[in-house]
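One-letter residues, chain by chain:
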Amino acid sequence: MSRETPPDSVWHTEVMLTRKARGIPFDSALVHRIITASTGDPRSLWCQPRTGVMLIQTLSPLSPDTFAGEASSVRQARAGVRFDQGTRVELSGVVCATICKKGHRRVPVEEKQLPGWVQTHLPGCHACVDSATVLTPAKGDHAGQRLTVSRAVFHAWATVIDTEAFAGMLVHGVGRGKRFGAGLVLARRTA
C-alpha cells in the first residue's frame, strides 16, 4: 500500500455491458488497458460482481466514450473514502485471497479460511465478515505469460479505527491481482 496521503474521494462507475460485449471482463489485460487509456492512471481498480456488470474505481472520471458501443448503460458518481474513527460501515469487495506456501508458491485460500483472511487484510478497521465465497478464477496475460487469478467476494460490517489507513485501503485496494479484477472494496456508512 502506498504511503502517500489518499484523496478524499474516488469515482465509481457502473458499466452495464451489452450482450455482445459480455466477454470483455474475461480478458483482464484488455479491461486494464481500456481503463488506463481513459484515465491515464494504471492504479484503477475494477471487478465484475455479476455477468454483464463491471464496477470500476478511478481517481478521475472515465471518459464517456470509454465503453461506447459495448455498454447499454454507464453511471458514474463520486464517492468519499474518508470515514471518521468509530464510524460503522458496510463493506463488500472482490479480492485475490492467497497465502504463501512452502517454496514461496502462492495458493488460493480455502473457502472456510476466507473470513479470517479478509479480516486480517482490511487495514484501518475492525471487521466482522458475514459471508465470503470463492468465485471462478480470472484469466489474463502478464509479460507474455498466461495467468489465472483466484478471486473471492465478501461482505462485512466494520468499525473504522484509523481514518488514514482505511481511506488508503479503499483507494489502493486489497491483496494481489488488482489489474485482473480483484482488490476493489466498497464501503458505505450504516445508519
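Reading guide: rules and limits
- Residues numbered from 1 in each chain as written.
- Predicted model: local features only at pLDDT ≥ 70, side-chain atom pairs only at ≥ 80, totals over all residues.
- Heavy atoms only, no water.
- 1 Å grid on protein atoms, 1.4 Å probe; cavity = no way out; pocket = protein on both sides within 12 Å on 5 of 7 lines; lining within 4 Å.
- Points joined across faces, edges and corners; volume = space filled by probe spheres on them.
- Helix = DSSP H or I, 4+ residues; strand = E, 2+ residues; numbered from the N terminus.
- Nonpolar A, V, L, I, M, F, W, Y, C, P; charged D, E, K, R; others polar.
- Polar contact = N/O pair within 3.5 Å; in protein donor to acceptor, adjacent residues only side chain to side chain.
- Contact = heavy atoms within 4.5 Å.
- Phe/Tyr/Trp six-rings, centres within 6.5 Å; stacked < 30°, edge-to-face > 60°.
- Buried < 20%, exposed > 50% of the residue type's maximum accessible area, 1.4 Å probe, protein only.

Asks: How should I be thinking about the layout of surface pockets in this particular structure?
Replies: Leftover empty space is mapped by rolling, across the atoms, a probe with the size of a water molecule. Taken as a whole, the largest pocket spans an internal volume of roughly 350 Å³. What lines the largest pocket is a set of 16 residues, among which His 12, Leu 55, Ala 77, Ala 79 and Leu 186 lie closest to the centre. Counting residues per element, the ones that place at least two in the lining of the largest pocket are strand S1 (9-17), strand S3 (53-58), strand S4 (71-80), strand S5 (88-95) and strand S10 (184-189). Ranked by residue count, the leading element in the lining of the largest pocket is S4, at five residues.

Asks: When you look at empty space enclosed by the protein in this model, what are you seeing that I'm missing?
Replies: Using the criterion set out here, one finds two cavities of 30 Å³ or more in the structure. The space that makes up the largest cavity amounts to roughly 40 Å³. Taken together, Asp 41, Arg 43, Leu 59, Val 171 and His 172 make up the full set of residues lining the largest cavity. Here the residues of the lining of the largest cavity sort into two nonpolar, one polar and two charged. Looking at the second largest cavity, its volume works out to about 30 Å³.

Asks: Help me understand the side chain of Thr 13, please; the structure alone is not making it clear to me.
Replies: Of note, Thr 13 is situated in strand S1. For Thr 13, the side chain forms a polar contact with the side chain of Gln 76, separated by 3.1 Å. With residues near it in sequence (within four places) discarded, Thr 13 still touches Met 54, Leu 55, Ile 56, Leu 62, Val 74, Arg 75 and Gln 76.

Asks: Even after reading the chapter, I still don't get the packing of aromatic side chains, so can you show me in this structure?
Replies: What the rule picks out here adds up to one aromatic pair. Taken together, a centroid distance of 5.8 Å and an interplanar angle of 80° make the contact between Phe 83 and Phe 166 edge-to-face. Taken together, the residues Phe 83 in the loop between S4 and S5 and Phe 166 in helix H3 (residues 163-172) connect sequence positions 83 residues apart. As far as burial versus exposure is concerned, Phe 83 and Phe 166 are alike and both buried.

Asks: I keep staring at the environment of Ala 182 and nothing clicks. Help me out?
Replies: Within the secondary structure, Ala 182 is located in the loop between H3 and S10. Since its relative accessible area comes to 0%, Ala 182 is described here as buried. For Ala 182 and Cys 96, which are 86 residues apart along the polypeptide, the C-alpha to C-alpha distance reads 5.5 Å. If we ignore the near neighbours within four places in the chain, the residues touching Ala 182 are Trp 46, Val 94, Val 95, Cys 96, Arg 151, Arg 176 and Gly 177.

Asks: What is the right way to look at H3 in this model?
Replies: Burial within H3 is extensive, with seven of its ten residues counted as buried. All buried positions along H3 are accounted for by Phe 166, Ala 167, Gly 168, Met 169, Leu 170, Val 171 and His 172. Taking the backbone nitrogen of Glu 164 as reference, a side-chain oxygen 3.2 Å away marks Asp 162 as the first, capping residue of H3. Of the residues one or two after H3, Gly 173 is the one with positive phi, at around 85°.

Taken by themselves, the reported measurements are silent on function.
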